[in-house]
Structures are given as C-alpha cells and as structure tokens.
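What the coordinates show
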Amino acid sequence: MGNPEKGRRIMANVREQWSGGWGFILAAAGSAIGLGNIWKFPYITGENGGGAFVLIYLLCIAAIGLPVMLCEMALGRHTQRNPVGAFKMLNPASCRVAHGVGAAICIGGLFLLAFKWWGWGVVALCLGMAIFRWRWVVVGVMGVAAGFIILAFYSVVGGWTIGYIVLAASGRLNFADVAAADAAFVSFAGHPAWAIGCHAVFMALCIGIVYKGVRAGIERWSKILMPLMFVLLLVLILRGLTLPGARAGVQFYLNPDFSRITAQSVLIALGHAFFSLSLGMGAIITYGSYLGKQQNLFAAGLSVVILDTAVALLAGLAIFPAVFAQGFSPDAGTGLVFKVIPAVFFHVPLGAFWAVLFFLLLAVAALTSGVSLLEVVTAYFVDERGWTRARAAAAVGAGIFGMGCLCAISLNDWTRLAWLHTVLLKVFGSVKGSFFDMLDHTASNWMLPLGGFFITIFVGWIWSARRAAAEIRQGGENYADASMVQLLAGLNEPGDRGAVTPLTLWGIFIRFVSPAAVLIAFLHTIGWLTFASAPPAAPRPGPPAAAADAAPDAGPATAR
Ligand code: TRP
C-alpha cells in the first residue's frame, strides 16, 4: 500500500460498528457505571444532605451531563475516529481562540521560568506551543493521555475488588469490627505482591476484552456483564432492606436535608455528574464513533444517562440499609467499601456469600469502565498510527500496567519509589501525596474538567452547534425538531418545527450553560474561586468538585 491516504481510507472503511443501538447503550452504560456509582455516589450523598443532594445531582445530570454527552456522541459519530482523530478532522485551519490561549499559556510559562519554577514553566511552555501549533487537537491528546493515566490507578482499585472476591470466598474476610477490617485492608493493599498480582489480573481482563474488538469484545461482554451487574445489585438491595434496622439507613440516605446544601455541594454534584458519565476525555467520542448513522443519538444518550443515574441511586439502597442495620457509622467516606462493608457482612448470616456478591458487583462495574478507558487509548493507536488492534491493546495495556504498578507499590509512602520522588521533587519543587494521589489529582481535577470545558466550547462555537445539530438530527428526526410542547403531548410528527425544541435547548446549554458551569466548578476545585458560605465541616480535604476526584482516591486515603 504505497499511498498512506489510501491505506487510511481502507482502514476507515472496515471500521467496526456496534450491532445496534443496544450495543452502544450497554457499552456506554458499562463505561459510565463504575466505582463512581457504587462506591462514591452513596457516600457523597450521605455527606451532603441525602435526598436534597440527589435532587441537585439529577438537575446537574439533566442540564449539563446529557447535553455534553450528546456533544461527545455527535463528535464521535460524525468523524468515526478516536478523540485525537476527531479533533484533527474538524480542526479549523486557523483559530484565534486557540492561538490566543496558546500564546497566553506560553507567556504564563515564561513568567514561571522567570520565577525559577523550572518544572511548571517548561510544562506550560510546551503546552502553550503545542496549542499554538496543533490547536484543538491538543484537547484530543489530553483525552487520550487522561485515559492512560486514569486507567493506571483505576485498575489498581479494580485489582483490590478482585482480590477481595478471593478473600471473601476463602472466608478470610470476616472481621467483627471496622478497625480489624481496616488493618486487613492496609496490609492487603500495602503488600506489593498482592496489589500488583490483582492489578495484573484486572488489566489482563481489560486487555482481553478490548483485544477481541468492538463487537466480539466490548459489546459482547457488556451484554453479559451489565445484566449480571443489575441482578447482583437487586439481590444485594433486597438483602440490605430485609435486615432488621434497615429503615434508618433508608432514612439517612433519602431524607432531604436542604440545610446541608451549599454552593460546595452543588459543585460536588456537578463534578460527580461529569465523572460518573465518563465525560471530558473522549470515552464517549470513541464509543460514539462506532455508532451507525441510523441510530437515534438522543434516545441512546438519554438511555445511558438514565441507566447510570439509576444504578447510582440503587447503590445507595444496597449499602446504607446494611450499614445502619449493623449499627455502623455511614460517614466512613472513602473507606466505606473496603473497610465497613466487610465488617457489615460479618454480622449477617451467610456473610461470606454476600461479601463475594458485593465485591463481584464492584469488580464487574469497574471492569466495564476500565475497558472503556483502555479502548480510548487503543483506538488512538489503531486509527492514527495504523497499528493492529491486537498490538495496540497489548502494548497500551502493558504500558498502563507498568504505570499502575508504580501506583500500587507506593500507596502509603514513596520509600519504594525514592528515585521517582527525587526526580519529581527536583522538577516541580514539591510533591503532594503519593504517586497514586498525584495521577488521580492531575487527571480528575485538571484534565477531565478542562477537557469537558473545551469539548463544549469546540462543539458549540468552533465546529458550530449548527453542524453538530445536523449530526444529531440524523436518525433522530422524529423528535430533534419537534416542539417541546408537542413532544410532551406525544403529538410530534416528522418535520414539525417548534420554537423550543430539544435541539434548540441543547444548543443553548452547550454554548452557554455547560461551559460556564464546568468552568466555575473547575476554578473552585483548583482553589481560585471560593464561596463565603463554606460548609460548616468539609467532610474531607480536597473537595472533589469538578469531575470529582476519581473513585479510586479511596485507595491512598484509606490505606494510610
Ligand atoms: N464513569 C466511571 C465511574 O463512574 C469512571 C470512568 C470510566 C471514567 N471511564 C471514564 C471517568 C472516562 C471519566 C472519563 O466510575
């Protein structure tokens, strides 16, 4: 194949597609439903006013989550590419916004250098120049990089869930109280052989599924694992609700306490909506790129959002009643899953069995999310570098495994990674937390919110809402342009054009509301924006606002 352009076109022609709408919906729901839903949502709800927080979360999902998800789906399906390829294809030849941002970051970098912040100065300078040179493609590159980084620590936590299945099944997970469970968790996660072994198993499963391809791998396994996950969840809810004393848990979880809603909790809800729907780094762009033109993007996006939200809400019902029934405190925060839950099941008849089910549920949820993260990076090497899927999945998986190992062996301290610590300290001047914390913080608090912000700006203003809307319309003609009133009444017909249609609403949201909201949440997370009405007691340091700190930050915090 002498002509590379031709080669690329041939590759694009054989690009795989989901077998139908359900293939996409289940795969995307598999990506969205993860540790964030089952581990994090329940406890931040508990900390932020129960039912009142749930209402705000639903609002964020509808007003920000759904519109941004449609942006990513439209980008993916229109370009039929991974995030980098998608932005490459739509990149305007010259763009004042990108040049301005690039130049501004370069100037910032020079200032940093002038003040002898060498590491950050060089990072800013390189970033600024990259933006100047490649403009919007940098957003795609950041997404692929975020996929790599997130999976490195996500799979360590995924490994713990697998390890805990084994421990529970072999009866070694029976602790009379939380302190004992805590000690056991610390020695388990802090033991390099265990942690790396479990991490390896988790990564091997992800690689195996991605290696098989879109239909035979991701879709097939989503169709098996997602129903399994629902069944496990329902069984665990029934178990929890039928324990004596479960009512208090339901009340704690769902009783709306509006006095605990603050600006901060709204931002937490927004950030979590983003993280939970896997937005901001192109996971949905990638999955959307395997969608056929006849699919209805509105319906598919709405289904994914509803499934994800339903599982988050149900997870709270599986956890809190059981925790309350045993008289444990629900505010263990990050440690809830690995420290409180094992102790809870110790007191329940057939505890080991329930514990196996619970950690199986977590492992399944984490696995389908891990697969989506790996697929983003794999698709990049397949589309842009012309690698075979097998080679890309194996090589990328191995690289991520390597970085994950560094996380796994340095949970509590840097002693095993002194060289890396020295290098980072030399370059950046200070290092906060463990390597695990560092990756989590960089990806979740910086890359995802910035990615989400620039994706909405790009779709709303650069690619233009008009062209994106044309993409969304395909396959969704019946209601994209129907008037909202007609739609609610069920009277919409193809060709109806009302003033307020789903599509016009979407345009307004992605051009104005979503970017503004995401930007505010981001500035708040990085501490440049604070609200006078800070909550009386911040539950944990480092508020997980924009894009919420990744689920796994359970890890280091709990292991400490
Ligand atoms: N949404 C997943 C969860 O709730 C995590 C996740 C998977 C994710 N893929 C992602 C988050 C991509 C952001 C971007 O646990």
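Cut-offs and rules
- Residues numbered from 1 in each chain as written.
- Predicted model: local features only at pLDDT ≥ 70, side-chain atom pairs only at ≥ 80, totals over all residues.
- Heavy atoms only, no water.
- Near = heavy atom within 4 Å.
- Polar contact = N/O pair within 3.5 Å; in protein donor to acceptor, adjacent residues only side chain to side chain.
- Areas by Shrake-Rupley, 256 points an atom, 1.4 Å probe, with all protein chains shown as cover.
- Helix = DSSP H or I, 4+ residues; strand = E, 2+ residues; numbered from the N terminus.
- Nonpolar A, V, L, I, M, F, W, Y, C, P; charged D, E, K, R; others polar.
- Salt bridge = Lys/Arg side-chain N within 4 Å of Asp/Glu carboxyl O.
- Buried < 20%, exposed > 50% of the residue type's maximum accessible area, 1.4 Å probe, protein only.
- Phe/Tyr/Trp six-rings, centres within 6.5 Å; stacked < 30°, edge-to-face > 60°.
- Core = buried A, V, L, I, M, F, W, Y, C linked by side-chain atoms within 4.5 Å.
- Contact = heavy atoms within 4.5 Å.
- Disulfide = S-S within 2.5 Å.
- Expected span 1.5 Å × (residues − 1).
- Bend = angle between axes of the 7 residues up to and from the residue.

Description of the site of the ligand
- In the neighbourhood of the ligand, 15 residues make up the surrounding shell, with Ala 32, Gly 36, Tyr 154, Phe 275 and Ser 278 lying closest.
- Tyr 154 places a polar side-chain atom, nitrogen or oxygen, 2.7 Å from an oxygen atom of the ligand.
- Separating a nitrogen atom of the ligand from a backbone N or O atom of Ser 276 is a distance of 3.1 Å.
- Considering the ligand on its own, with 360 Å² of exposed area, one finds that the protein chains cover 100% of that surface.
- Mapped onto the shell around the ligand, the elements with two or more residues apiece are α2 (21-32), α3 (35-47), α13 (263-276) and α17 (351-385).
- Here the shell around the ligand is composed, by residue class, of 7 nonpolar, 8 polar and no charged.

Details of the pattern of salt bridges
- Applying the stated criterion to the full structure yields 7 salt bridges.
- Put simply, Glu 471 and Lys 293 hold a salt bridge, and the shortest N to O gap is 3.0 Å. Pair noted here: Glu 471 is in helix α21 (residues 465-473) and Lys 293 is in the loop between α14 (283-288) and α15 (297-325), with a separation of 178 residues, a long-range link.
- A residue is classified by how much of its surface remains accessible, and Glu 471, at 2% relative accessible area, is buried.

Some details on the packing of aromatic side chains
- A complete count under the given rule lists 32 aromatic pairs for this structure.
- Considering the side-chain rings of Trp 414 and Phe 435, the 6.1 Å spacing of their centres and the 70 degrees angle between planes classify their relative orientation as edge-to-face. In this pair, Trp 414 sits in the loop between α18 (389-408) and α19 (418-428) while Phe 435 sits in helix α20 (residues 435-462), placing the two residues 21 residues apart along the sequence.
- We classify Trp 414 as buried; its relative accessible area is 12%.

Description of the nonpolar core
- Within the largest apolar cluster, 177 residues are counted, with the highest numbers of intra-cluster contacts made by Phe 24, Trp 160, Phe 359 and Trp 506.
- With 20 residues, the top contributor of residues to this core is α17.
- Excluding anything up to four places from it in sequence, Phe 24 contacts Trp 18, Ala 29, Met 73, Tyr 287, Gly 288, Leu 291, Ala 300 and Val 304.

Focus: the environment of Pro 227
- Within the element layout of this structure, Pro 227 appears in helix α11 (residues 214-241).
- Through-space distance from the C-alpha of Pro 227 to that of Leu 26 is 9.2 Å; in sequence the pair is 201 residues apart.

A short note on the environment of Leu 448
- Its place among the elements puts Leu 448 in helix α20.
- On the basis of relative accessibility, which here comes to 3%, the residue Leu 448 falls in the buried class.
- C-alpha of Leu 448 to C-alpha of Gly 143: the two residues are 305 residues apart in sequence and 7.7 Å apart in space.

Some thoughts on the state of the cysteines
- Summed over the entire model, instances satisfying the criterion amount to 0 disulfides.
- Cys 71 takes part in no disulfide bond, and the closest cysteine sulfur, belonging to Cys 95, lies 16 Å away.
- Residue Cys 71 is classed as buried on the basis of its relative accessible area of 0%.
- In this model Cys 405 remains outside any disulfide bridge; the closest cysteine sulfur is found in Cys 407, 9.1 Å from its own.

A few points about helix α8 (residues 137-169)
- Here α8 spans 47 Å end to end across 33 residues, near enough to the 48 Å set by a 1.5 Å rise per residue.
- Approximately 25 degrees is the largest bend angle found in α8, and it occurs at Leu 151.
- Within α8, 28 of the 33 residues are buried, which leaves the element mostly enclosed by the surrounding structure.
- Looking one or two residues past α8, Gly 171 carries a phi angle of roughly 70 degrees, positive in sign.

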